[in-house]
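# Coordinate inspection notes
Read off the chains here:
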Amino acid sequence: MTKITLEVNGKKVSKDVADHTLLSVFLRDNLNLTGTHVGCDTSQCGACVVHVNGKSIKSCSTLAADIDGSKVTTIEGLAKDGKLHPMQEAFKKTHGLQCGFCTPGMVMSAVDLLQTKKNPSEQEIREWLEGNICRCTGYQNIVAAVKDASTKM
Amino acid sequence: MKTFNYHTPKDVKEASNLASTSSAFLAGGMTTIPSLKLGLATYKDIIDIKSIKKLSGIKVSGKSVTIGATTKHAEVAASKEVQKAIPALAKLAGNIGDAQVRNRGTIGGSISNNDPSACYPSACMALNAVIHTNSRKIPAEKFFTGMFETALKKGELVEAVEFQVPEKADYQKHPNPASRYAIIGVFVAKHKKEVNVAVTGAKSCVYIDKDLSKKLSSSFSSSAIEGMKVDDSEMNSDMHASSEYRANLVSLYAKKAVEAC
């Protein structure tokens, strides 16, 4: 067991975890933050994307013990005071989702893109979202959502 | 995933002392963690080397670019110094996997794993890289010994990779659309005295295509290798690409790389 201390969505969390605990499992099972989804579980689909110290990573391929001392933001941490994050608002507005399973990962990944690139082209958005797989909508509205959010963030 | 003991040594000596026949060094974990989850590998001890500060960072001198083992792909891709000294290397790093993999994956992990389809080994071969470990310096051509195999011994740890700055270079990859690994990756580097054409994805291990390198060494132009046949007898053949197709891609992508230089 390893004792880890994290700041998750602005709140300090200290827990003992088994050394082989994945960050995705820790968030879902220990903190009940089930917005982080586990899709493929082989780090290809991107449904589990969260931010660690501001950078998007795949939580299903990261050990909880490995990020001891870090700041973690999950999809639950984006909305502030009951108001959706501009990226969430854009996904809603452009209907950038169908079943919604991939959406938390898409949103977290897209937020990271706009942190590093203010006005990405459609091509750059598509390249960035290579690590996020959606099996419903065919990406058109997802790309439109990121484009829309880029004018508001 | 089976249980293991997780260690965070503070220096290379401590990391090396923890190593056993049932241990693995962990950097970004982009291959190690999925392998553990799938049961392809099991270890008693996982030795995380990311807390060892001296293993991370980029140093550029006139003749070489030295990248610390735990430097992430995203850091290499975004480095202004690497972009200036060896733009092909920054480009290669920026096209590995996806954004999240690049935010975690490291150069030391990539070359120590020596996946036959990984991108970095081709850069090491073409750029006459020297692999610095905690006990010696290994030239790239002696480092990559076979499929998922390297010259590293038990407890030996990659500390940094030193690349020779070429006159010109380019990397062209035909990625697998799902995994982004190279179905074929060709790294062409023109040095003062010779040209190296390194190929990944084609065979069980990265290699230098001697014929293409020789032709380009005597005349560095795409017309010099136009339509050159590449031997496919030892090439991989799978659901993604037949050996004949791969051989054709090697020739084609070498040409594309020369044109992009």
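All residue numbers refer to position in the chain's written sequence, counted from 1. The naming scheme follows written order: chains are lettered A onward, ligands numbered 1 onward. A pLDDT threshold of at least 70 governs which residues receive local features in this predicted model, and a stricter bar of 80 or more applies before side-chain atom pairs are shown or counted, although totals over entire chains, interfaces and linings include all residues.

## Describing the overall build of chain B
Rules: We count a stretch as a helix when DSSP gives it H or I for four or more residues in a row; a strand needs E for two or more, and each element gets its number in order from the N terminus. Our radius of gyration looks at C-alpha atoms and nothing else; its globule reference is 2.2 Å times the residue count to the power 0.38. Each residue is classed by its C-beta neighbour count within 10 Å, where at least 20 other C-beta atoms makes it buried, 12 or fewer makes it exposed, and intermediate counts make it partly exposed; the C-beta atoms are placed from backbone geometry. By definition, residue pairs are in contact when their C-beta atoms, positioned from the backbone, come within 7 Å.
Scanning chain B for helices and strands turns up eleven helices and 14 strands. Relative to the compact-globule value of 18 Å for 261 residues, chain B shows a C-alpha radius of gyration of 18 Å, a close match. The principal-axis extents of the C-alpha atoms in chain B amount to approximately 55 × 45 × 30 Å. Taking all 261 residues of chain B together, 50% fall into the buried category. Contacts spanning at least 24 positions in sequence make up 61% of the contacts within chain B whose residues lie at least 6 apart.

## A few points about the overall build of chain A
Summing up its helical and strand segments, chain A has five helices and five strands in all. Counting from the amino terminus, helix and strand elements in chain A follow one another as β-β-α-β-β-β-α-α-α-α. The C-alpha radius of gyration computed for chain A amounts to 15 Å, which stays within 12% of the reference 15 Å derived for 153 residues, consistent with globular compactness. Counting only C-alpha atoms and orienting by the principal axes, one finds that chain A spans roughly 45 × 30 × 25 Å. Counting every position in chain A, which comprises 153 residues, the buried fraction comes to 44%. Within chain A, counting contacts between residues at least 6 apart in sequence, those at least 24 apart form 60% of the total.

## Notes on the sheet that holds strand E12 (residues 182-190) of chain B
All names here are of chain B. What counts here: Following DSSP output, two strands are said to pair if at least two bridges run between them.
Read across the open sheet, the four strands follow the order E11-E12-E13-E14; overall the sheet is antiparallel. Looking at the sheet topology across the chains shown, the edges are occupied by strand E11 (168-175) and strand E14 (207-208). Where strand E13 (residues 195-200) meets E14, two bridges bridge the pair, whose relative direction is antiparallel. Within the sheet, the bridge partner assigned to alanine 198 lies in E14 and is isoleucine 208.

## Section: the confidence of the model for chain B
Put simply, the rule reads: pLDDT is a per-residue confidence score from the predictor, ranging from 0 to 100.
Of the residues in chain B, 100% reach a pLDDT of 70 or more, and the chain-wide mean stands at 97. If you check the scores for this complex, the pTM reads 0.96 and the ipTM reads 0.95.

## Here we look at the nonpolar core
A general feature of soluble globular proteins is that nonpolar side chains tend to end up buried together. Put simply, the rule reads: We define the nonpolar core as any set of buried residues of the types Ala, Val, Leu, Ile, Met, Phe, Trp, Tyr and Cys, connected via C-beta atoms lying within 7 Å of each other. Reported domain spans reflect what an automatic or database domain assignment gives.
Counting residues in hydrophobic clusters, the biggest one holds 120 residues, and the most contacted among them are Leu89 and Val188 of chain B. Shared between two domains, this core takes at least three residues from each, and those domains are domain 1 (2-77) and domain 2 (86-150) of chain A.

## Quick word on the pairing of strand E10 (residues 158-164) of chain B
Two faces belong to every sheet, and in a regular strand the side chains alternate between them. Residue and element names in this part refer to chain B. Burial analysis of E10 places six of its seven residues in the buried class, the great majority of the element. Sheet topology places strand E5 (residues 64-68) next to E10; five bridges connect them, and they run antiparallel. Its bridge partner being in E10, threonine 66 is matched across the sheet by glutamate 162. Of the strand pairs in this sheet, strand E6 (residues 130-133) and E10 are connected by four bridges, and their pairing is antiparallel. Across the sheet, residue valine 130 finds its bridge partner in E10, namely glutamate 162.

## Let's talk about the sheet that holds strand E2 (residues 23-26) of chain B
Residue and element names in this part refer to chain B. Applicable threshold: Angular values range over 0 to 180 degrees, each being the angle between N-to-C directions of two axes fitted as lines to C-alpha atoms, with helices fitted over their stretch in contact.
Strand order in the open sheet formed by three strands is E1-E3-E2, and the pairing between neighbours is parallel. In this open sheet, the two strands that pair with only one neighbour each are strand E1 (5-7) and E2. Put simply, the sheet's adjacent strands are angled 20° from each other on average, direction ignored. Relative to strand E3 (residues 45-48), E1 is paired through three bridges, and the arrangement is parallel. Each residue of the ladder has a partner; that of asparagine 5, found in E3, is aspartate 45.

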